[in-house]
Number of protein chains: 2
Amino acid sequence: MSETKREKQPDEFELISRLSAKLPTGDSVVGGAGDDCAVIDAGVPGLWQLHKTDAVVEGVHFTRDADPQQVGHKALGRALSDIAAMAGTPRWATVTLGLPDGFDAETVESVYDGMAALAKRHDVSLVGGETVANPERLFIGVSLVGEVARDKCLLRSGAAVGDGVWVTGELGGSIAGHHLTFTPRLAEAQWLAANFKPSAMIDLSDGLAGDLGHLLTSANAGAELLESALPIRREARLRAKESEAAKPPLLAALTDGEDYELCFTLGQGQAVALLDRFKQEFPDTPLCCIGKIVDRPGLKIRQKTGLMEIATRGHVHFQ
Amino acid sequence: MSETKREKQPDEFELISRLSAKLPTGDSVVGGAGDDCAVIDAGVPGLWQLHKTDAVVEGVHFTRDADPQQVGHKALGRALSDIAAMAGTPRWATVTLGLPDGFDAETVESVYDGMAALAKRHDVSLVGGETVANPERLFIGVSLVGEVARDKCLLRSGAAVGDGVWVTGELGGSIAGHHLTFTPRLAEAQWLAANFKPSAMIDLSDGLAGDLGHLLTSANAGAELLESALPIRREARLRAKESEAAKPPLLAALTDGEDYELCFTLGQGQAVALLDRFKQEFPDTPLCCIGKIVDRPGLKIRQKTGLMEIATRGHVHFQ
């Protein structure tokens, strides 16, 4: 959760984009690095495969005293959330554990128990694992292969001017606990793709400002959000009340990260039908229209006091 | 390379086998944890997919002063070697980089250059990557999906009493340099599966004694090797000559690990044809018959002085 502060280093996004430019890819790669998952034509009739790798690290994404089952849940859940972002179905996972000196085998088994329980709930097969030494801290790498019908795959690109911007769940203050216990929005995403086909979708892992920013960059467009429409998590408000050093709730909702919710865009004509049918299908999942896509690039938020420009930078891991 | 010594912890194999027992899997999993790769029926006509994850860690698998391009080569090469062990074709890789404090972006780019060059040589697409913080040391996780014709997939199990035991290349002393520069035996493995169909195959990453041990356990059989037939790497002999503390060359060949060669079994009637045709096809790759599969479990080696029993434990990472 707590990002390590560093100076004079390229940030994560910059480094990834520099590295991505030199990656060899072939004809089977429908979409490579740059979306939530890589989209692969593996020769499965009617389907594309979604390939994703992700990792959580002790002291960065969880503390040493975190519940190991929840740590396992989070490690797999993050990758599931990326598969959800493309409306895919997760299928096969492999796990790499970097084990610290003096690791406790029971703790490691609990991490696996947390992963296995979540895998079972979503019919994911855990097909292999490796352990290596990582002397100072637990490191859990998860690789996931999913699949999606070729005509149902949702990308980050595709948002059109005038589309509404929607989010599931609530935003901000995830560090209070949500980041260890969240439910990846797989069912919601698949239902959305089957019934409404959003023009673009992404999962919120780095904070709304940053992740929506990626979606806007892909569309070469901007967005105007309405402050009063943002579903701010209670914990974000509480934290702001309890400490002056805490982020104001709006900033927390925009930049805290680790929400693991869906953000998608959809033609405004479908708004009423979506709200109505979604509520019937997922009575426990909040869904909010928080603004709209506009022509002019940039992210603005309408407050009582006027329109404020927001930097589209989320939770940057290496700055 | 240098394994970290720990006490009172389960070793890697024991832990993996305990963890594997509780992994949820589905009908699509033809072979899960326990072979070089998981074998998956992903719905591709005529093919199985091979899923593999692996990692290399600074101070464990390479030193901080190692050539970063070679480190990248090794990180991907190890996973390629596992795909080779099943006679597969590697297709799509994803990479997770755990970056230490004060990491140097040029070094990271060089690591990627090393991976990209090897990927290109084997037509592997690098389809995605993540970076996370791993404050004390560089951690490189590689996940690889390959494919293999269903009737050409070679497993660890299947060795029959009387089969010859074969290895490619040379064994031992890999730490002198081979572990950073090896060529995964993909071409040789595919050719073997297409032309001779070995009864079982494995790649040598933990040392001949340990890896052949896995193959024997699967077959519920034993093996008798001939000391004079073992292709011992020159560096293993040199190290033994230079220092009394170094392993004797035979022990090095059996237990050093990181050879990344193929070990396979094949009916003895095909030995002459194999030697002849392999030499024509791969003039630069040594191939040796080092012994045979026997009824009685255990690994024995015939020396001038008699028959010696060898513990089938290779390079155990966590003891």
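Residues numbered from 1 in each chain as written. Chains lettered and ligands numbered in written order. Predicted model: local features only at pLDDT ≥ 70, side-chain atom pairs only at ≥ 80, totals over all residues.

**Some details on the overall build of chain A**
Step number 1: Scanning chain A from terminus to terminus reveals nine helices and 13 strands.
Step number 2: Scaling as 2.2 N^0.38, a compact globule of 319 residues should have a C-alpha radius of gyration of about 20 Å, and chain A matches this with 19 Å.
Step number 3: In terms of its C-alpha atoms, chain A occupies a principal-axis envelope of roughly 55 × 55 × 45 Å.
Step number 4: Counting over 319 residues, chain A shows a buried share of 56%.
Step number 5: Taking all contacts inside chain A whose residues are at least 6 apart in sequence as the whole, residues at least 24 apart take part in 83%. (Helix = DSSP H or I, 4+ residues; strand = E, 2+ residues; numbered from the N terminus. Rg over C-alpha atoms; globule rule 2.2 N^0.38 Å. Buried ≥ 20, exposed ≤ 12 C-beta atoms within 10 Å, placed from the backbone. Contact = placed C-beta atoms within 7 Å.)

**Some thoughts on the pairing of strand 8 (residues 200–204) of chain B**
Consecutive residues of a regular strand have side chains that alternate between opposite faces of the sheet.
Residue and element names in this part refer to chain B.
Step number 1: Of all five residues in strand 8, five are buried, a share of seventy percent or more.
Step number 2: Note that strand 8 and strand 10 (residues 261–266) share five bridges and pair antiparallel. Opposite isoleucine 202, over in strand 10, you have cysteine 263 as the bridge partner. (Pairing = 2+ DSSP bridges.)

**Concerning the sheet that holds strand 12 (residues 298–303) of chain A**
Residue and element names in this part refer to chain A.
Step number 1: Ordered by their spatial adjacency, seven strands build an open sheet running 8-10-7-11-9-12-13, and the pairing between neighbours is mixed. The sheet is open, and its two edges are formed by strand 8 (200–204) and strand 13 (306–310), each paired on a single side. Between one strand axis and the next, the sheet turns by 25° as a mean value, whatever way the strands run.
Step number 2: The pairing of strand 7 (residues 164–168) with strand 10 (residues 261–266) spans four bridges and is antiparallel. By the bridge assignment, glycine 164 is partnered in strand 10 with leucine 266.
Step number 3: Seen against the sheet, helix 2 (residues 68–85) touches strand 8 and strand 10 and runs at an angle of roughly 165° to strand 8. (Axes fitted to C-alpha atoms, helices over the stretch in contact; angles between N-to-C directions.)

**Thoughts on unusual backbone geometry**
Residue and element names in this part refer to chain B.
Step number 1: You will see that aspartate 123, though not glycine, has its phi angle at about 55°, which is positive.
Step number 2: Following the sequence through the fold, aspartate 123 ends up in the loop between helix 3 (105–121) and strand 5 (125–133).
Step number 3: Given 11 C-beta atoms within 10 Å, aspartate 123 falls into the exposed group.
Step number 4: For asparagine 220, which is not a glycine, the phi torsion comes out positive at approximately 50°.
Step number 5: Note that asparagine 220 resides in the loop between helix 6 (208–219) and strand 9 (222–226).

**Points about the interface of chain B and chain A**
By a frequent convention, interface size equals the accessible area lost on bringing the separate parts together.
Step number 1: Contact with chain B, which involves 64 residues of that partner, is made by 64 residues of chain A.
Step number 2: Of the residues forming the side of chain B that touches chain A, the biggest block, nine residues, is contributed by strand 5 of chain B.
Step number 3: Within the side of chain B that touches chain A, the residues separate by chemical class into 32 nonpolar, 20 polar and 12 charged. (Nonpolar A, V, L, I, M, F, W, Y, C, P; charged D, E, K, R; others polar.)

**Here we look at helix 7 (residues 234–242) of chain A**
Residue and element names in this part refer to chain A.
Step number 1: Within helix 7, the full set of buried residues consists of Ala236, Arg239 and Ala240. One face of helix 7 carries all of its buried residues, which in axial projection span an arc of 100°. Those residues of helix 7 that are exposed and angled more than 90 degrees off the buried face are Arg234, Lys241 and Glu242.
Step number 2: On its buried side, helix 7 packs onto helix 8 (249–255). (Arc of directions from axis to C-beta.)

**Observations concerning the relation of the copies chain B and chain A**
Step number 1: Rotating chain B by 180° and translating it 0.0 Å along the rotation axis places it on chain A, where the RMSD comes to 0.0 Å. As the rotation angle and translation indicate, the two copies are arranged about a two-fold axis. For chain B, the minimum C-alpha distance to the rotation axis belongs to B:Val44 and amounts to 2.3 Å.
Step number 2: Comparing contact sets, 98% of the residues at the interface of chain B also lie at the interface in chain A, consistent with an isologous, same-surface contact. (Least-squares fit on C-alpha atoms with pLDDT ≥ 70 in both.)

**Comments concerning the domain arrangement of chain A**
Residue and element names in this part refer to chain A.
Step number 1: Split into domains, chain A comes out as domain 1 (12–149) and domain 2 (164–310).
Step number 2: Once you take the C-alpha centre of each, domain 1 and domain 2 turn out to be 23 Å apart.
Step number 3: Facing 17 residues of domain 1, the contacting portion of domain 2 comprises 17 residues.
Step number 4: Ranked by residues supplied to the side of domain 1 that touches domain 2, first place goes to helix 2 with 11 residues.
Step number 5: Taken together, the residues that form the side of domain 1 that touches domain 2 break down as seven nonpolar, six polar and four charged. (Domains from an automatic or database assignment.)

**Digging into the sheet that holds strand 3 (residues 47–57) of chain B**
Residues and elements named next belong to chain B.
Step number 1: Pairing is mixed in the open sheet, where six strands are placed in the order 1-2-3-6-4-5. Both outer strands of the open sheet, strand 1 (29–31) and strand 5, are each paired with one neighbouring strand and no more. Ignoring which end each strand starts from, the neighbouring axes of this sheet average 25° apart.
Step number 2: In this sheet, strand 5 lies alongside strand 4 (residues 89–99) in parallel orientation, the contact comprising eight bridges. Residue pairing across strands places glycine 98 opposite valine 132, the latter belonging to strand 5.
Step number 3: Sitting on the sheet, helix 3 is in contact with strand 4, strand 5 and strand 6 (139–149), with an inclination near 175° to strand 4.

**A short note on the nonpolar core**
Step number 1: Counting residues in each nonpolar core, the largest one holds 196 residues, and the members touching the most others are A:Ala93, A:Met115, A:Ile140, A:Cys263, B:Ala93, B:Met115 and B:Ile140.
Step number 2: In terms of residues, this core owes the most to one element, helix 2 of chain A, which gives eight residues.
Step number 3: Ignoring anything within four residues of it in the chain, the contact list for B:Met115 reads B:Gly72, B:His73, B:Ala75, B:Leu76, B:Val95 and B:Leu126. (Core = buried A, V, L, I, M, F, W, Y, C linked by C-beta atoms within 7 Å.)

**Digging into the environment of B:Ala21**
All names here are of chain B.
Step number 1: Assignment of secondary structure puts alanine 21 in the loop between helix 1 (12–20) and strand 1.
Step number 2: Judged by local crowding, alanine 21 falls into the exposed class, with 8 C-beta atoms found within 10 Å.
Step number 3: Between the alpha carbons of alanine 21 and alanine 33 there is a distance of 9.1 Å; along the sequence they are 12 residues apart.

**With respect to the environment of B:Ala193**
All names here are of chain B.
Step number 1: Among the secondary structure elements, alanine 193 is positioned in helix 5 (residues 186–195).
Step number 2: For alanine 193, a count of 21 C-beta atoms within 10 Å puts it in the buried group.
Step number 3: Separated by 53 residues in sequence, alanine 193 and alanine 246 have C-alpha atoms that sit 37 Å apart.
Step number 4: If we skip the residues at most four places from it in the chain, alanine 193 touches Ala87, Lys152 and Leu154.

**A word on the confidence of the model for chain A**
Residue and element names in this part refer to chain A.
Step number 1: When the pLDDT values of chain A are averaged, the result is 91; 93% of them are 70 or greater.
Step number 2: Long-range and interchain partners of residues 1–8, a stretch whose pLDDT sits below 50, account for 12 contacts in this model, where long-range means more than four residues apart.
Step number 3: Low pLDDT, under 50, characterises residues 314–319; the predicted model gives this stretch 27 contacts beyond four residues in sequence or across chains.
Step number 4: For this predicted complex, the interface confidence reaches an ipTM of 0.91, while the overall pTM sits at 0.92. (pLDDT = per-residue confidence, 0-100.)

**Let's talk about the packing of helix 2 of chain A against helix 3 (residues 105–121) of chain A**
Residues and elements named next belong to chain A.
Step number 1: Contact geometry of helix 2 with helix 3 gives a least axis separation of 7 Å together with a crossing angle of 50°. In terms of axis orientation, helix 2 runs oblique to helix 3. Seen from above, helix 2 lies across helix 3 with right-handed handedness. Here Pro68, Gln69, Gln70, Val71, Gly72, His73, Ala75, Leu76 and Gly77 of helix 2 come into contact with helix 3, specifically with Thr107, Ser110, Val111, Tyr112, Asp113, Gly114, Met115, Leu118 and Ala119.
Step number 2: The residue inventory of the contact of helix 2 with helix 3, partitioned by class, reads nine nonpolar, eight polar and one charged. (Parallel < 35°, antiparallel > 145°, perpendicular 65-115°, else oblique. Left-handed = near helix turned anticlockwise from the far one by under 90°.)

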